[in-house]
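# Summary of structural features
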Amino acid sequence: MNTERFKIFAVLLSLVIAFPPSLAWSQGKRKEAKVVVGAVSVPSSLLSQERRLRTGIVNAFHHQPGVQLASRKDVDAWRKRVMKEDQPEDRSAEELNYARELLSQGKRDYEQFRFEESIQSLREARRIFIYNLPALRSNRDLIDTHLWLGVVYAVTKKDSQAKEEFRRVVYLDSKRELDRRGYAPNILKLFTEVKREVMKASLIRVRVESSVPGAVVYLNGRSVGNAPLEMRLLPGEYFVLVEKKGLKPWYKPIRFKQRIETVRASLKPETGGQKWLQTFRVREGEDQSNPDLSLLRDLAKSVGSEIVFLGSVEKKYKFRILGQLYDVRTSQFSKVAMVDLEPNLRGYKEDAQSLVDTLMEFVRSDGYVVSPGAPNLVVPGQALTVGAADRPQPAIMNAPAEKKLWYERWWVWPLIVGAGVGLFFGVREAISSDTSGGIVLDNRGNF
């Protein structure tokens, strides 16, 4: 029985001594950092590269242990819900559908000999198609509208107006032919005369240039290639549209008549998209008190994050990307890290990793962003800390101090060891006393 009690006390003693180290191991790990990467603020010349820049940063955070990234789906859902003013309502699709209904109505009116009603419907359809040419990616409907309007004009003996509509058909599609079984002889004759007249003209050379290489060029609603490009066209009036994702489309009706024509399209950033990108710019000085920070706090709360990545690309002698962390819990900004970028973003995967590695040095083990007043960190690689870290900071809320836990203090362990030794000997003494104490009957002398 005494041996069993001794074993129980020994097990309890082992638990007392082993508990603090195991607690220290479980709580001494870095707390998971919850980060959201919304965008990278870029100049207009790099708008087409923003997604690539952002993706590189996201992948770099994925390679960091102890980092939880907000999902892109949640970020996009928040943007769509909150920043509605940046996405103006686009009614082009609705208007183009209405124009197609008018085109069908004009054809029905013509077949029922209601020529004036047909002209009215077709002219309105033509106006809507031309007005919405920036959204028209096929010129088939516009060609049909010009053709049917020319047919109705020809039937009503308005030959000059009919010729003008047929001429536009030829401009849009120089290979267009009319089926002899579907049109009256006088209409076929008029169309053939117009086409012969247009095709007699010498072709002119048209060059389209864009401020952003690779932009798609549309001519009268039909894609003809990527800028810069050269075309051989018949003289006449054309609608030129140049566009690239992330930029506002450039479009203009132009009458080409010179032997050589040059079109220079200047594409500019989308207002809404640029505002979104600018929200995630690196903040320095008074900009760290900008009211638009409320958007970042709301985003972080909505997607379950605590730290927002801020990134900006700027050009000095060459392009460089700057990164910063914003702790929405304390309104604390980290120092700014910087990496120089190579032309055409060669080696950007490594650059992004170097930038994120440096930024993660500004996150404490408890998950809070390091105070900017801390000394600069020397980090291997080409990432450097610059900017706001070395300048006077505005009065902002400081992160709570990273206090030492009880098991991290030096004097705790001697006490634990002493208590354990004392407990061991105390238990052994108690067991020994229990064995030898009390009344012992010795009957050996009575016999």
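Residues numbered from 1 in each chain as written. Predicted model: local features only at pLDDT ≥ 70, side-chain atom pairs only at ≥ 80, totals over all residues. Heavy atoms only, no water.

## Section: the packing of helix H2 (residues 50-62) against helix H11 (residues 348-360)
The geometry of H2 relative to H11 is characterised by a closest axis approach of 8 Å and an angle of 55 degrees between their N-to-C directions. Taken as axis vectors, H2 and H11 run oblique relative to one another. Between H2 and H11 lies a crossing of right-handed hand. Contact residues: Arg 52, Leu 53, Gly 56, Ile 57, Asn 59, Ala 60 and Phe 61 in H2; Tyr 348, Ala 352, Gln 353, Leu 355, Val 356 and Met 360 in H11. In the contact of H2 with H11, the residues fall into nine nonpolar, three polar and one charged. (Axes fitted to C-alpha atoms, helices over the stretch in contact; angles between N-to-C directions. Helix = DSSP H or I, 4+ residues; strand = E, 2+ residues; numbered from the N terminus. Parallel < 35°, antiparallel > 145°, perpendicular 65-115°, else oblique. Left-handed = near helix turned anticlockwise from the far one by under 90°. Contact = heavy atoms within 4.5 Å. Nonpolar A, V, L, I, M, F, W, Y, C, P; charged D, E, K, R; others polar.)

## A closer look at the sheet that holds strand E6 (residues 229-233)
Reading across the sheet, the three strands line up as E6-E3-E10 and stay open at both edges, with mixed pairing between neighbours. This sheet does not close on itself; its edge strands, each paired only once, are E6 and strand E10 (260-265). The mean angle between the axes of side-by-side strands here comes to 20 degrees, regardless of whether they run parallel or antiparallel. As paired strands, strand E3 (residues 204-210) and E6 are joined by five bridges and run antiparallel to one another. Along E6, the bridge assignment pairs Ile 204 with Leu 233. (Pairing = 2+ DSSP bridges.)

## Some details on unusual backbone geometry
Look at the link from Ala 227 to Pro 228: it is a cis peptide, with omega at -5 degrees. Within the fold, Pro 228 resides in the loop between strand E5 (222-226) and E6. One non-glycine residue, Phe 113, adopts positive backbone phi at about 65 degrees. Mapped onto the secondary structure, Phe 113 falls in the loop between helix H4 (92-111) and helix H5 (115-131). The backbone phi angle of Lys 157 is positive, close to 65 degrees, even though this residue is not glycine. Mapped onto the fold, Lys 157 is located in the loop between helix H6 (140-155) and helix H7 (159-172). A residue is classified by how much of its surface remains accessible, and Lys 157, at 68% relative accessible area, is exposed. (Buried < 20%, exposed > 50% of the residue type's maximum accessible area, 1.4 Å probe, protein only.)

## Observations concerning the pairing of E3
On E3, burial follows the alternation: Ile 204, Val 206, Val 208 and Ser 210 on one face are buried, whereas Arg 205, Arg 207 and Glu 209 on the facing-out side are not. Bridge count between E3 and E10: six bridges; the pairing is parallel. In the strand pairing of E10, Glu 209 is matched with Arg 264.

## A closer look at the pattern of salt bridges
Side-chain pairs of opposite charge can arise where the charged atoms are in close proximity. As enumerated under the stated definition, the model contains 25 salt bridges in all. A salt bridge links Arg 72 to Asp 76; the nearest nitrogen and oxygen atoms lie 3.3 Å apart. One end of the pair, Arg 72, and the other, Asp 76, are both in helix H3 (residues 72-82), four residues apart, so they sit about a helical turn from each other. Classification of Arg 72 by relative accessible area gives partly exposed; the value is 27%. Asp 76 gets classed as partly exposed once you look at its relative accessible area, which sits at 36%. (Salt bridge = Lys/Arg side-chain N within 4 Å of Asp/Glu carboxyl O.)

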